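# Tertiary structure, described
Single-letter residue listing:
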Amino acid sequence: MSRSPWRVRSWAWVTAMSIAGASTLGVVLMSPHASHAQPAVAVARGLPDFTDLVEQVGPAVVNIRTTERTRGGQRGGGGAGPEMDEEMQEFFRRFFGVPPGQLPGQRQDPRRQAPDEEQQRGVGSGFIFTTDGYVMTNAHVVDGADEVYVTLTDKREFKAKLIGADKRTDVAVVKIEAAGLPSVKIGDVSKLKVGEWVMAIGSPFGLENTVTAGIVSAKARDTGEFVPFIQTDVAINPGNSGGPLINLRGEVVGINSQILSRSGGFMGISFAIPMDEATRVADQLRAGGRVVRGRIGVQIGEVTKDVAESLGLGKAAGALVRSVEAGGPADKAGVEAGDIITRFDGKPVEKSSDLPRLVGGTKPGSKASLQVFRRGNSRDLGVTVAELEPEPGRRAAVPESKQTPTPSVVTGALGLTLANLSEEQKRELKLRGGVRVESTEGAAARAGLREGDVILSVGNVEIVDVKQFESVIAKLDKSKPINVLFRRGEWAQYALIRTAAR
């Protein structure tokens, strides 16, 4: 596997080629009677000229080169150059006459590398955001590097100091010792619009000061836990990572971070980290070398349209609480598995990915309000936010009980065989009640229930034992989907049992 720091996500998405057509040639389509009536097709706007932007922002964009020290006289198979895939090797061989395994300007030493000798590791991009030498880039560009070198457009090269890197957002800050440097202007991401022209400057394949342009194709694209990416069709390739995404006002609105590709090269979709989030991270890295985030101790999932309707929630919104950390802030606040968090500290939670960002941006130790939807009603809870640990910890699995109560067969159309939980099982699972699924068939099996699941509520009614379950089921309208909250292992989720013919 290549050890280049470039991040390429190979998602099996099929993308359509955009057709430049008349707009590329600057053609203006008019109706036959344009001089007397409103044109059938609006007059096309002239394409933007990026030359002034390049002159304005270009000097603040840098090339970042990382190295590592060889251990024991060789690295991997003992090759002298950085590891590159076949496509990159062929690219440099054809256009630069560079032997395989080398980058432009790199000399290949036929002798074995001496112990602890610096060896090129990868290249990326970055930009200066303060005149005294602070440079922003991607965390994956500098990850694992022994040395980081920053080259300016005037060819000055500096050895940089890593101030800090945050893998969760893929933002890093390095510092070079210089003053009076050109720096970028930070733009307002909230004013960025889909369809707006943007430009990127970076070092694709190590070719520094390369300019590409395109439009914003989507905003708030959820591909990461903490980052609502800006999606563009700007040509971004390996080596562009860490470079700026620039609007027509010459402001940096994002950090180019990822590409969506099946081959490792540009295929029409790329992603940038919004500068509002990147700036918050960079400020914390400069202040303390790390990012401090809040946490409340819940595992969450999406709320589907069918589940929202069956619960009476109104619309598919909020974050479904799948599990609650024992003794954590949410547990102390009274949050339960199966709750749907709809607001955090007064801010709406439209989708589950909103919650980690809202909580993560809250200072640990501060008090916040939670609005949860539980069994048909909303309630407000108070929670004290804790600090998110650097790496998520593992949780111990719940041991199975040795006691197995006598099963109780539930007749009818559900197809469930259930058993009461023993007191030992309740203690182990930290539950007040619930019934264990012994077997499923028919409607319950089609809904996804299976042996070992623990049913916690049915039709928004909390279940204590098998007898109560049968009583609740008897009163429900079987012609409508029956919502069932169940727990599987550490996770709680909803299933919809449909007994009526569809």
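Along each chain, residue indices are assigned from 1 in the same order as the chain's sequence is written. Owing to the predicted nature of the model, reporting of local features is limited to residues with pLDDT of at least 70; listing and counting of side-chain atom pairs is limited to 80 or more, with chain, interface and lining totals taken over all residues. Remark: hydrogens and water are excluded; side-chain values derive from all non-hydrogen atoms of the structure.

## Here we look at the overall build of the protein
For helices the rule is a DSSP run of H or I covering at least 4 residues; for strands it is a run of E covering at least 2, with both sets numbered from the N terminus onward. A count of helices and strands for the protein gives 11 helices and 28 strands. Relative accessibility decides the category of a residue: with a 1.4 Å probe and only protein chains considered, values under 20% of the type maximum give buried, values over 50% give exposed, and everything between is partly exposed. Here the protein holds 502 residues, and the buried ones make up 46% of them. Should any heavy atoms of two residues lie within 4.5 Å, those residues are counted as being in contact. Of the contacts made within the protein by residues no fewer than 6 positions apart, 63% connect residues no fewer than 24 positions apart. Each accessible area is a Shrake-Rupley estimate made with a 1.4 Å probe; only the visible protein chains count as cover when residues are assessed. With the model as given, the accessible surface of the protein reaches about 25,300 Å², and the carbon-plus-sulfur share is 51%.

## Notes on the environment of E118
Counting through the fold element by element, E118 comes out in strand 2 (residues 118-128). Judged by its relative accessible area of 33%, E118 falls in the partly exposed class. When the C-alpha positions of E118 and R69 are compared, they lie 4.4 Å apart, and in sequence the two are 49 residues distant. Filtering out sequence-adjacent residues up to four positions away, E118 remains in contact with T67, E68, R69, E147 and Y149.

## Focus: the environment of R357
For R357, the position within the fold is in helix 8 (residues 354-360). By relative accessible area, which is 19% here, R357 ends up buried.

## Things to note about the confidence of the model for the protein
A residue's pLDDT is the confidence the predictor assigns to it, expressed on a 0 to 100 scale. Averaged over every residue, the pLDDT of the protein is 79; residues scoring 70 or more account for 75%. Long-range and interchain partners of residues 1-6, a stretch whose pLDDT sits below 50, account for 19 contacts in this model, where long-range means more than four residues apart. Counting contacts from residues 73-83, a segment whose pLDDT is below 50, to residues more than four positions away or on other chains yields 30 contacts.

## Describing the pattern of salt bridges
Whenever a carboxyl oxygen of Asp or Glu lies within 4 Å of a side-chain nitrogen of Lys or Arg, that contact is scored as a salt bridge. Tallying each qualifying case throughout the model produces 27 salt bridges. Between E277 and R280 there is a salt bridge whose closest N-O contact spans 2.8 Å. With E277 and R280 both in helix 5 (residues 275-288), this residue pair falls 3 residues apart, about one helical turn. Using a relative accessible area of 13% as the deciding quantity, one classes E277 as buried. Across the pair K351 and D354 runs a salt bridge whose closest N-O atoms are separated by 3.4 Å. The exposure class assigned to K351 is partly exposed, which follows from its relative accessible area of 29%.

## Concerning unusual backbone geometry
Even without glycine at this site, F205 takes up a positive phi of about 55°. Backbone geometry places D345, a non-glycine residue, at a positive phi of 55°. Here D345 shows up in the loop between strand 17 (340-344) and strand 18 (347-348). Judged by its relative accessible area of 36%, D345 is partly exposed.

## Examining a nonpolar patch on the surface
Taken together, L47, W197 and L248 make up a surface patch of nonpolar side chains, about 260 Å² in accessible area. Mapping W197 onto the fold places it in strand 8 (residues 197-202). Given the relative accessible area of 31%, W197 is considered partly exposed. A residue counts toward a patch only above 30% relative accessible area and without a salt bridge, and it is joined to like-charged neighbours within 9 Å or, for Val, Leu, Ile, Met, Phe, Trp and Tyr, to nonpolar neighbours within 5 Å.

## What about empty space enclosed by the protein?
Note on definitions: the grid is 1 Å and covers protein atoms alone; a cavity is a set of points where a 1.4 Å probe fits but cannot get out; a pocket is an open set with protein on both sides within 12 Å along at least five of seven lines; lining residues have an atom within 4 Å of a point. Grid points are joined across faces, edges and corners, and a volume is the space filled by probe spheres set on the points. As enumerated under the stated definition, the model contains 4 cavities of 30 Å³ or more in all. The volume enclosed by the largest cavity comes to roughly 70 Å³. Surrounding the largest cavity, E336, A337, G338, D339, R374, R375, S457, N460, L485 and Y494 form its lining. In terms of residue class, the lining of the largest cavity is made up of 3 nonpolar, 3 polar and 4 charged. Each residue gets one label: Ala, Val, Leu, Ile, Met, Phe, Trp, Tyr, Cys and Pro are nonpolar, Asp, Glu, Lys and Arg are charged, and the others, such as Gly, are polar.

## Concerning helix 11 (residues 466-475)
V466, F469, V472 and I473 are the residues of helix 11 that are buried. Buried residues of helix 11, seen end-on, are gathered within an arc of 120° and therefore sit on one face of the element. For helix 11, exposure combined with an orientation more than 90 degrees from the buried face picks out K467, A474 and K475. Identification of polar contacts relies on pairs of N or O atoms within 3.5 Å, with a donor-acceptor requirement for protein atoms, meaning one able to donate a hydrogen and the other able to accept it, and with residues adjacent in sequence counted only if both atoms are side-chain atoms. Between the side-chain oxygen at the start of helix 11 and the backbone nitrogen of K467 there is a gap of 3.4 Å, and the oxygen is on D465. As used here, the arc belongs to the directions running from the helix axis to the C-beta atoms.

## A word on the pairing of strand 27 (residues 482-488)
Burial analysis of strand 27 places 6 of its 7 residues in the buried class, the great majority of the element. In this analysis, strands are considered paired if DSSP registers two or more bridges between them. With 4 bridges connecting them, strand 25 (residues 454-458) and strand 27 associate as antiparallel partners. If you follow V454 over to strand 27, its bridge partner there is R487. Summarising the sheet, strand 27 and strand 28 (residues 491-497) pair through 7 bridges and their orientation is antiparallel. Bridging from a neighbouring strand, L485 pairs with Y494 of strand 28. Following strand 27, the chain reverses through 2 residues before pairing antiparallel with strand 28; G489 in that reversal takes a positive phi of roughly 65°.

## Regarding the nonpolar core
In plain words, nonpolar cores are sets of buried Ala, Val, Leu, Ile, Met, Phe, Trp, Tyr and Cys residues tied together by side-chain atoms within 4.5 Å. F127, F129, M136, I255 and M275 are the most contacted members of the largest nonpolar core, which totals 41 residues. Those residues in contact with M275 that lie beyond four places of it in its chain are F127, M136, I186, V189, V252, V253, G254 and I255. Formed by 20 residues, the second largest nonpolar core is a distinct cluster that contains L416, I455, I482 and I497.

## What to know about the sheet that holds strand 1 (residues 61-69)
Spatially, the 6 strands close up into a barrel ordered 1-2-3-6-5-4, and their pairing is antiparallel. With strand direction ignored, the average angle separating the axes of adjacent strands in the sheet is 40°. Two elements, strand 5 (residues 157-166) and strand 6 (residues 171-175), share 5 bridges in a ladder whose sense is antiparallel. By the bridge assignment, K161 is partnered in strand 6 with K175. Under this scheme, a helix contributes an axis fitted over its contacting stretch, all axes are lines through C-alpha atoms, and angles between N-to-C directions fall in the 0 to 180 degree range. The strands touched by helix 5 within the sheet are strand 2, strand 3 (134-137), strand 5 and strand 6, with strand 6 carrying the most contacts at an inclination of about 50°.

## Some remarks on the environment of S183
Relative to the assigned elements, S183 resides in the loop between strand 6 and strand 7 (185-186). Leaving out residues up to four positions away in the same chain, S183 has contacts with A60, I128, F129, T130 and T131.

## Regarding the packing of aromatic side chains
A pair of aromatic rings is counted whenever rings of Phe, Tyr or Trp (Trp by its six-membered ring) have centres within 6.5 Å, and the orientation is called stacked for planes under 30 degrees apart, edge-to-face for over 60 and tilted otherwise. All told, the structure shown has 3 aromatic pairs when counted by the stated rule. Ring centres of F50 and W197 lie 6.0 Å apart, and the angle between their planes is 65°; this geometry places the pair in the edge-to-face category. Pair noted here: F50 is in the loop between helix 1 (21-25) and helix 2 (51-57) and W197 is in strand 8, with a separation of 147 residues, a long-range link. Looking at F50, the relative accessible area reads 16%, which means it is buried. Two limits define a charge over a ring: the Lys NZ or Arg CZ must be within 6 Å of the ring centre, and within 35 degrees of the ring normal. Taking the ring centre of Y149 as reference, the NZ or CZ of R65 above it sits at 4.5 Å. In this arrangement the basic side chain of R286 is found over the ring face of Y134, its NZ or CZ atom lying 4.2 Å from the centre.

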